[in-house]
Each structure stands twice: as C-alpha cells, then as structure tokens.
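Residues per chain are reported as follows:
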Amino acid sequence: MDVHVDRDRCLGAGMCALTAPQVFDQDEDEGLVVLLDARPPQERHAAVRVAAGVCPAVAITLTERGSSPAS
Amino acid sequence: MQHEPSTRLETTETTETTEPVTLPTQRAAGCPFDPPAGLTELRRASPLTRMTYPDGHVGWLATGYSTVRSIMGDTRFSSRYELMHYPFPGGPEGPLPPAPVGDMTGMDAPEHTRFRRLLMGKFTVRRMRQLSDRVAEITAEHLDAMERRGPGTDLVKAFAQPIPALMICELLGVPYADRERFQDHTHTLMAMDVTPEDRYAAMVGLQGYMAELVAAKRAAPCDDLLGDLAQDSDLTDEELIGVAGFLLAAGLDTTANMIAHGTFALLGNPAQAEALRTDPDLAPQAVEELMRYLTIAHTSVKSALEDVELEGRLIKAGESVTISMEAANRDPERFPDPDVLDLHRKATGHLGFGHGIHQCLGQQLARVEMTVALPALLRRFPTLRLDVPAEEVPLRTDMNIYGVHRLPVTWDEN
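The text that follows walks through the structure, step by step, so that each part is easy to find. Given the structure is predicted, the values throughout are model-derived calculations rather than measurements.

## Things to note about the environment of V308 of chain B
All names here are of chain B.
Then, in step 1: One can find V308 in strand 6 (residues 308–310).
Then, in step 2: Sequence spacing of V308 and A165 is 143 residues, and the spatial spacing of their C-alpha atoms is 40 Å.
Then, in step 3: Leave out the neighbours within four places in its chain, and V308 touches D74, R76, F77, R313, L314 and I315.

## A short note on the side chain of D108 of chain B
Residues and elements named next belong to chain B.
Then, in step 1: As for its position among the elements, D108 is in the loop between strand 3 (77–78) and helix 4 (111–119).
Then, in step 2: Here D108 is buried and forms no salt bridge, its nearest opposite-charge partner R80 lying at an N-O distance of 4.5 Å.
Then, in step 3: Polar contacts involving the side chain of D108 include one to the main-chain amide nitrogen of S79, which spans 2.8 Å.
Then, in step 4: In this view, D108 contacts S78, S79, R80 and L305; residues no more than four positions away in its chain are not counted.

## A look at the packing of helix 4 of chain B against helix 12 (residues 237–267) of chain B
A packed helix pair is summarised by two numbers, namely the angle formed by the two axes and the spacing between the axes.
Residues and elements named next belong to chain B.
Then, in step 1: Contact geometry for helix 4 and helix 12: axes closest at 13 Å, N-to-C directions at 70°. Between helix 4 and helix 12, the angle is such that the two are roughly perpendicular. The element helix 4 and its partner helix 12 pack so that their crossing is right-handed. Here R114, F115 and L119 of helix 4 lie close against helix 12, whose contacting residues are E239, V243 and L247.

## Quick word on the interface of chain B and chain A
Then, in step 1: Each side of the interface is counted separately: chain B has 19 residues, and chain A has 24 residues.
Then, in step 2: Of all residues in chain B, R117, M120 and R126 of chain B bury the most surface against chain A, accounting for 29% of the area lost on that side.
Then, in step 3: Across the contact surface, chain B and chain A share 2 salt bridges.
Then, in step 4: For R126 of chain B, the salt bridge identified is with D25 of chain A, shortest N-O distance 2.2 Å.
Then, in step 5: Counting the contacts that link chain B with chain A gives 11 residue pairs in polar contact (both at pLDDT 80 or more).
Then, in step 6: A total of 4 residues in the side of chain B that touches chain A trace back to one element, the largest contributor, which is helix 5 (residues 125–130) of chain B.
Then, in step 7: Taken together, the residues that form the side of chain B that touches chain A break down as 3 nonpolar, 9 polar and 7 charged.

Rules of the game
Residues numbered from 1 in each chain as written. Chains lettered and ligands numbered in written order. Predicted model: local features only at pLDDT ≥ 70, side-chain atom pairs only at ≥ 80, totals over all residues. Heavy atoms only, no water. Helix = DSSP H or I, 4+ residues; strand = E, 2+ residues; numbered from the N terminus. Contact = heavy atoms within 4.5 Å. Buried < 20%, exposed > 50% of the residue type's maximum accessible area, 1.4 Å probe, protein only. Lys, Arg positive; Asp, Glu negative; His and termini not counted. Salt bridge = Lys/Arg side-chain N within 4 Å of Asp/Glu carboxyl O. Polar contact = N/O pair within 3.5 Å; in protein donor to acceptor, adjacent residues only side chain to side chain. Axes fitted to C-alpha atoms, helices over the stretch in contact; angles between N-to-C directions. Parallel < 35°, antiparallel > 145°, perpendicular 65-115°, else oblique. Left-handed = near helix turned anticlockwise from the far one by under 90°. Buried area = accessible area lost by both parts, 1.4 Å probe. Nonpolar A, V, L, I, M, F, W, Y, C, P; charged D, E, K, R; others polar.

As structure tokens, then:
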C-alpha cells in the first residue's frame, strides 16, 4: 500500500493522527497532516484505510499494490 | 452505489407526487435519546426528501448516512447564512443576514480556509492531549466539591458546564470570572426560536465583551490562543473579536451537553455505565459511540450553489438542504442496531462532529474532556443516579445543541 497526502486539502481535523498515529501526525505550527510512513506494513493497513475514509477533507489517497511482494 | 436508470426514474416520480414534508422536530415522549420519530420514518422511505421550510421555500431534507455525508463533503453546497432558508418553525423568516465576521460556520472557501488555517495548528491531537492533565485536575476539583456538598446536585451546573468552560477560557485566555458577561449571550445564540433582533443583540453583547479583551491582548503579549493571534496573525481587530467570540461560544455549550446528556444516557444503561467505570481502555471508543448515539449538534443547513444530482434527484441551484446528522447517525445501513447504545461498537465515521471543511475544529479538545470527565464521574460516584423520574429531566428541544437543561442527580454517601 502506498499512502499519499495532500497538505493543500488538509483541514487539520486530526482524524488521521487519531486513527493511525504510527502513519500520520500533524505538524506543530499549522496542524497539517504529516505522513510518517508512506508504505506502512500490512498490520497497519486496516487503520490507514479507516483514516482515509474518515478524513473530512479527502486529503488522503491510497494506492493498493496487491501483487507487490512488500504488501 | 449502483442504481439502474429505470429504478431512479421511478423513485423520482413516486416521490415527486407526494407533498413536501416539514421538518420533524417532535421527539417521542419517554425517548430522550432518540431523534424525532418522524425523521426516522422519512429516512426509511428515502434518504433525501422534498421539504417545505417555514418561510415557504421548497428545498430538501437529507436523513440517510451516505447522503448526509456526501452533501457535507461537497463544496457545491454553501454554508453562507444569507443563502440559507431557516428550517425550524419560529425562527427568522426568509434568508438570514450574512454570518457575522469571524463566525466560521457561515463561511465558504476561500474565506473559511483563511480562518481555519490560522487556528487548526492550535487544536491538534497532540496539543489537546497535552491538556489532559489539566482537564483531569479540573475534573477532580469539581468532583471534590460535589462530594463535599453531599448528595443531590444539578450535574449541569456542578460538573458538565464548568469543565469545558474553564478549559476553553484557559485555552483562549478569557478570564473565567467574566463568565456572567458572556454566558447569557452565548445561550441566546444557541437557541432555535430567537428573533433576529435578539440574536443580533446577543452577538453585539458578546462582541462588546470580546472587544475589550482583544484590546488588552493587543496591548500586552500573553501566552494563550487569543494572545498568539493578536500578536502573530494578520487578523483585523474586527476579525479577531469575531473569531474569539465564535471560539468561545463553540467551546462552551457543546461539550457541556455531551457530558450531561452522556451521563443521562449512561444512567439509563447501567450495564454500559459499569463497563465504562471498570475498563479504563474503553473510554475513547465509548466517547465516539456517545457522540454517534446522542448527536447533540443535530441539524445543519446548506444551499446548492449549482444544480447537483444526488440519489437520482436534482437539487437545483439556490435550494436549501437541511441535513439531519442525528437521523444519519442512526442509519442501520451504516451502523447495525443503530438505536442501541453499545460502547463496544466501533462508531468511527459518525457525523457527530460533522464532515467536510466545517468538521468541528475543537473536536480533539472535546474528546479529551469527555474521555477524562465521564469515567472519572462514574468512578467517584458508583451509586450515581437520577434524582427525579427520567421523564422529568428538562430536555433542550428548543436549542441547536440538544441535551438537558438540568440533570438532577444524587448518590449514596460513603
């Protein structure tokens, strides 16, 4: 799974940092999304999907890489 | 979701032949936690319904989860008050005046974005969690005071109101001792049936108070949110006064009602209360479920800026859509057994804090306050119970933020 974030769309609601804190954070100044891990391990995929789903600004997009040995 | 074109047309025709509905606001007696029954019936029939507004406008009412969520996330729908028709009876007739300066709920992008960007770094998950020790301290002080005074109190006054009020005052840098000067005004701003004149007077009153405060923050740098904005932002005095009043009003009534109404719901579900009392790890998800189940910020209105096709219906430019977050959060297609309060449920994705660009800015603060306060209350007073029959608890059916006006409780002394 590849994770992408769009800081221009981000509203700083913090749902991603709350839902998948190992993968997302917020920067100290603006509260904008910070991507900690663009290729999270398998066991975090479920939480990352939830985070993408609940983002109120649709600022997180996921590319599933079904055939990749890494995923 | 896939729809056959023929099904869509049929649905449209069938629904168009029925009369537009008016917004159901009547809650069934003895069901203080459920949305008005009429809303549930409408959602069962269709997630999007034609609705007649009290001023005669014919617009729409959205009650289904996915419909409500997609409207809240769609920037083709405006939040500007002057485009909105008011959905509740007894309110102002016709379109409202534009949002006062700084009232972020009544703005669209790019104006909204400018304010939101100034503020969102101050309400991050991490910053709000750093406040949790202070929330715990304030919570303990109020529980101590309740214990000292002995059994029998109004939980709203003794506990639910002061905790968020103290926290938002400390965060903003508003002296808590001044609360008599702003609480009546914020109460009027949250009422559903006030005249435009009363609402305007309350806004002017609140801004008058904030103007003095902002002048002080401009004069002497200080380490709080309004102090920061006064020193470091490009906000004019008028904008800073407006946004300060908005943040204060938004932080006072909302969490207070979640704490009081949440306690009321827990006292009516003793097994759930016991689970929260005994399992400290349950609190975060219990808070999400209470947010879903109670949906105290129950209704919102948007207006279409252009023609939008949704659910096989055409919402025309200029038409208002009343969105019922409380009906959406009880949609069985999204939440199985939606009318059951189940603190073990994964309620993530609920619309209790809204969705889209206006999703609650202070939600992480609210989460910390509820996560700390509710279990602490239950643990300190294991015998906590209502002091009046449940049907005598006065409900806020007249307010934009639902909940209870008072919650008389008592407990056994140790």
